[in-house]
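Observations on chain architecture
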Amino acid sequence: MSSNFMQALGSTHLYPITDQHLSGLSHAEQVDFLIDIGATLIQLREKIDPPLRFFEQAEPAVLVARDRGAKIIINDRVDIALALKADGVHLGQEDLSPDAARRILGSDAIIGFSTHSLEQARLATQMPVDYVAIGPIFSTATKQSANPPVGLDGLARVREALGGMPLVAIGGITSENIGSVVKAGADVVAVISDIWVPANDSLIRIKRLLNYS
Ligand code: 3NM
């Protein structure tokens, strides 16, 4: 199961996530921009618009990605992932279970699962998932309901517990701290604000995130 996810990332450690409200861009525009700079796997995340609007916005984004050879993971919504034939879904603790999503989307879909503690991450290894996400690593203003940060030590403990399961770190990760996060054991970093919060050096920071090795 897990090979699709790591294959889709190629040589980059970056798993960028869209945010229409931070970026001021549509999901399709963000996907186009991210592919331009070298992203190969992108998550579409929408926490404000209702499902109908998310579906309408996600459809052109999936088409852009398909045209340009990148993969799209839909946050939370198995129904939207299925309807759009997206490459997979990212689930939170309170979404449909990975087992149910696997039954709906089939064996080729990439299924990721958010965890916020060592115990949750351990449980996730028994589930039909392609990667486990742990977070927040550091404090973040992006997710209002974020749990207490697990820190780099917590991340290292999760790494140990997961064995070969691909591990995504999320929450407060920037071009400055990506090195410490990868060193503590993350295979991949998922990032929102460091990509979309405009700054003079945005492009430089994103390229640093993408090209970190
Ligand atoms: N999930 P930023 S933290 C979407 O802990 C999300 O599971 C988290 O945004 C978790 O890169 C988070 O701006 C926010 O910190 C990530």
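Note that the coordinates shown come from a computational prediction; the quantities given were computed from them, not determined experimentally.

Scoring rules and cut-offs
Residues numbered from 1 in each chain as written. Predicted model: local features only at pLDDT ≥ 70, side-chain atom pairs only at ≥ 80, totals over all residues. Heavy atoms only, no water. Helix = DSSP H or I, 4+ residues; strand = E, 2+ residues; numbered from the N terminus. Buried < 20%, exposed > 50% of the residue type's maximum accessible area, 1.4 Å probe, protein only. Contact = heavy atoms within 4.5 Å. Phe/Tyr/Trp six-rings, centres within 6.5 Å; stacked < 30°, edge-to-face > 60°. Salt bridge = Lys/Arg side-chain N within 4 Å of Asp/Glu carboxyl O. Axes fitted to C-alpha atoms, helices over the stretch in contact; angles between N-to-C directions. Parallel < 35°, antiparallel > 145°, perpendicular 65-115°, else oblique. Left-handed = near helix turned anticlockwise from the far one by under 90°. Pairing = 2+ DSSP bridges.

**With respect to the overall build of the protein**
Each helix and strand counted, the protein has 11 helices and 8 strands in total. With respect to the principal axes defined by its C-alpha atoms, the protein has extents near 45 × 40 × 30 Å. Burial analysis of the protein (213 residues in total) assigns 52% to the buried set. For the protein, the proportion of contacts with a sequence separation of at least 24, taken over those separated by at least 6, is 57%.

**What about the packing of aromatic side chains?**
Evaluated as defined, the whole model comprises 4 aromatic pairs. On the numbers, 5.7 Å between centres and 90° between planes, the contact of Tyr15 with Tyr131 is edge-to-face. Placement of the pair is Tyr15 in strand β1 (residues 14–16) and Tyr131 in strand β6 (residues 131–134), with a sequence separation of 116 residues. Accessibility classification places Tyr15 together with Tyr131 in one group, the buried group. Chaining the aromatic ring pairs together yields one cluster made of Phe5, Tyr15 and Tyr131.

**Re the pattern of salt bridges**
Following the criterion strictly, the structure yields 10 salt bridges and no others. Between Asp36 and Arg68 there is a salt bridge whose closest N-O contact spans 3.0 Å. On the criterion of sequence distance, the pair formed by Asp36 in helix α3 (residues 27–36) and Arg68 in helix α4 (residues 51–68) is long-range, its members being 32 residues apart. According to the relative accessible area criterion, Asp36 is exposed, its value standing at 55%. For Glu176, the salt bridge goes to Arg208, with nearest N and O atoms at 3.7 Å. Taken together, the residues Glu176 in the loop between β7 (167–170) and α9 (178–183) and Arg208 in helix α11 (residues 202–211) connect sequence positions 32 residues apart.

**Focus: the packing of α3 against α4**
Helix-helix packing: each pair is described by the crossing angle between the helix axes and the interaxial distance. Between α3 and α4, the shortest axis-to-axis distance is 7 Å and the interhelical angle comes to 25°. As summarised for this structure, α3 and α4 are arranged roughly parallel, according to the angle between their axes. In this structure, the crossing between α3 and α4 has a hand that is right-handed. Only Phe54, Gln57, Pro60, Ala61, Val64, Ala65 and Arg68 of α4 make contact with α3, whose side of the interface consists of His27, Ala28, Val31, Asp32, Ile35 and Asp36.

**Considerations on the sheet that holds β7**
The strand order across the open sheet built from 8 strands is β1-β8-β7-β6-β5-β4-β3-β2, with neighbouring strands paired in parallel fashion. Of all strands in the sheet, those with a lone pairing partner are β1 and β2 (41–44), marking the two edges. Here the strands of the sheet are splayed against their neighbours by 25° on average, with no regard to which way each runs. Where β7 lies against strand β8 (residues 188–191), 3 bridges are found, and the strand directions are parallel. Of the residues in β8, the one forming a bridge with Ile170 is Ala190.

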